[in-house]
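# A closer look at the structure
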Amino acid sequence: KKPKAIDYYAVTILVLTLLSGAAYGCELVGEDYIDIMGKRIRSTPVNPIHQYAGKMIGACLSNFIQGLVMVLFTNYILDVNWGSSLLPIIGFTFLASMFATAMGAMFCILFGDINRAGALTNLLVPIFSFIAGGYIKIDFGNIKYLSPSQWAHTAFFNTIYDGDKNLVLMSVLMLFGGTLILSTISIIAARRRSI
């Protein structure tokens, strides 16, 4: 039950693409908090949580659809092994896209600059992927568990190849918890910025 090269890289490139979607979160949230339109919106009685949620949903869906197309294309055209059921794979794809979008949004709101936040996400995403073995299979020991790419890889591979379900659950909780933490930081920072 070992992945072929195409199976392994289909997962790692999917995760890399989804985490690169942090740029969506950065750009869309930046429009509402940094650009001129954002200053106008903040002068209205719009709730920052509703404003943040709307932008996050749009960015997350854009990222998710891109990942979904990759999964379906590689499954039906390239005959990549995604396991016996695509449903959990699609769920992990959505979860990883939520995490990436929340990460990009948080950097943008904290820095108050789309370009600096985008540069940081463009720097971190390849580092996360490298540490998790996304380019070449290297074991960095426990350091790899600091990478959200590793969390996603663990969820995907253990589901596809009937691995440890506890590792899958732990990885899902890490991605979901990370998304909640990043979103909470973003909302608090957005509220302070609007005061």
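Residues numbered from 1 in each chain as written. Predicted model: local features only at pLDDT ≥ 70, side-chain atom pairs only at ≥ 80, totals over all residues. Heavy atoms only, no water.

Let us now look at the overall build of the protein chain. In terms of regular secondary structure, the protein chain is built from eight helices and zero strands. Its C-alpha atoms give the protein chain a radius of gyration of 17 Å, near enough to 16 Å, the size a compact globule of 195 residues would have. With respect to the three principal axes, the spread of C-alpha positions in the protein chain is 55 × 35 × 30 Å. The buried share of the protein chain, reckoned over its 195 residues, is 48%. (Helix = DSSP H or I, 4+ residues; strand = E, 2+ residues; numbered from the N terminus. Rg over C-alpha atoms; globule rule 2.2 N^0.38 Å. Buried < 20%, exposed > 50% of the residue type's maximum accessible area, 1.4 Å probe, protein only.)

Moving on, we come to unusual backbone geometry. Phi is mostly negative for residues that are not glycine, and the peptide bonds are mostly trans. In this model, D79 sits at a positive phi of 60 degrees, which is unusual for a non-glycine residue. Looking at the element boundaries, D79 is found in the loop between α4 (48-76) and α5 (86-111). A positive phi is found at D162, a non-glycine position, where the angle reads about 50 degrees. Among the structural elements, D162 can be located in the loop between α7 (148-160) and α8 (165-194).

Once that is clear, we can look at a nonpolar patch on the surface. Taken together, the side chains of I6, L72, F73, Y76, I77 and L78 define a hydrophobic patch exposed on the protein surface, amounting to about 600 Å² of accessible area. Among the elements that make up the nonpolar patch, the one with the highest residue count is α4 (three residues). Looking at the secondary structure, you find L72 in helix α4. (Patch = residues over 30% accessible without salt bridge, like charges linked within 9 Å, V, L, I, M, F, W, Y side chains within 5 Å. Areas by Shrake-Rupley, 256 points an atom, 1.4 Å probe, with all protein chains shown as cover. Salt bridge = Lys/Arg side-chain N within 4 Å of Asp/Glu carboxyl O.)

Bringing α5 into the picture now. In a regular helix each residue adds 1.5 Å, so 26 residues correspond to 38 Å; α5 covers 38 Å between its end C-alpha atoms and thus fits that length. Among the 26 residues in α5, 19 count as buried, and that is most of the element. The N-cap of α5, judged by a side-chain oxygen 3.3 Å from the amide nitrogen of L87 a few residues on, is S85. G112 lies just past α5 and shows a positive phi near 70 degrees. (Expected span 1.5 Å × (residues − 1). Polar contact = N/O pair within 3.5 Å; in protein donor to acceptor, adjacent residues only side chain to side chain.)

Here the protein chain averages 89 in pLDDT, and 96% of its residues register 70 or above. Confidence scores differ between elements of the protein chain, with helix α3 (residues 36-42) showing the lowest mean pLDDT of 71 and α7 the highest of 95. (pLDDT = per-residue confidence, 0-100.)

α5 packs onto helix α1 (residues 5-20) with a crossing angle of 35 degrees between their chain directions and a minimal axis gap of 7 Å. Of the residues in α5, those in contact with L14, L18 and L19 of α1 are T93, A96, S97, F99, A100 and M103. Taken together, the residues of the contact of α1 with α5 break down into seven nonpolar, two polar and no charged. (Axes fitted to C-alpha atoms, helices over the stretch in contact; angles between N-to-C directions. Contact = heavy atoms within 4.5 Å. Nonpolar A, V, L, I, M, F, W, Y, C, P; charged D, E, K, R; others polar.)

To continue, consider the nonpolar core. Core analysis: the largest hydrophobic core is formed by 51 residues, its most contacted members being Y52, W82, M103 and F156. Those elements that place two or more of their residues in this core are α1, α2 (22-33), α4, α5, α6 (114-131), α7 and α8. The greatest single-element share of this core, amounting to 15 residues, is contributed by α5. Ignoring any residue separated from it by four or fewer positions in sequence, one finds Y52 in contact with Y33, A102, A105, I109, S183, S186 and I187. (Core = buried A, V, L, I, M, F, W, Y, C linked by side-chain atoms within 4.5 Å.)

Another point: the packing of aromatic side chains. This structure, assessed with the given rule, holds nine aromatic pairs. Between the aromatic rings of F64 and F94, the centroid separation amounts to 5.3 Å while the plane-to-plane angle is 90 degrees, which identifies the pairing as edge-to-face. Placement of the pair is F64 in helix α4 and F94 in helix α5, with a sequence separation of 30 residues. Since its relative accessible area comes to 13%, F64 is described here as buried. (Phe/Tyr/Trp six-rings, centres within 6.5 Å; stacked < 30°, edge-to-face > 60°.)

Here we take up the environment of Y161. Mapped onto the elements, Y161 comes out in the loop between α7 and α8. Residues Y161 and Y145, spaced 16 residues apart in sequence, show a C-alpha to C-alpha distance of 20 Å.

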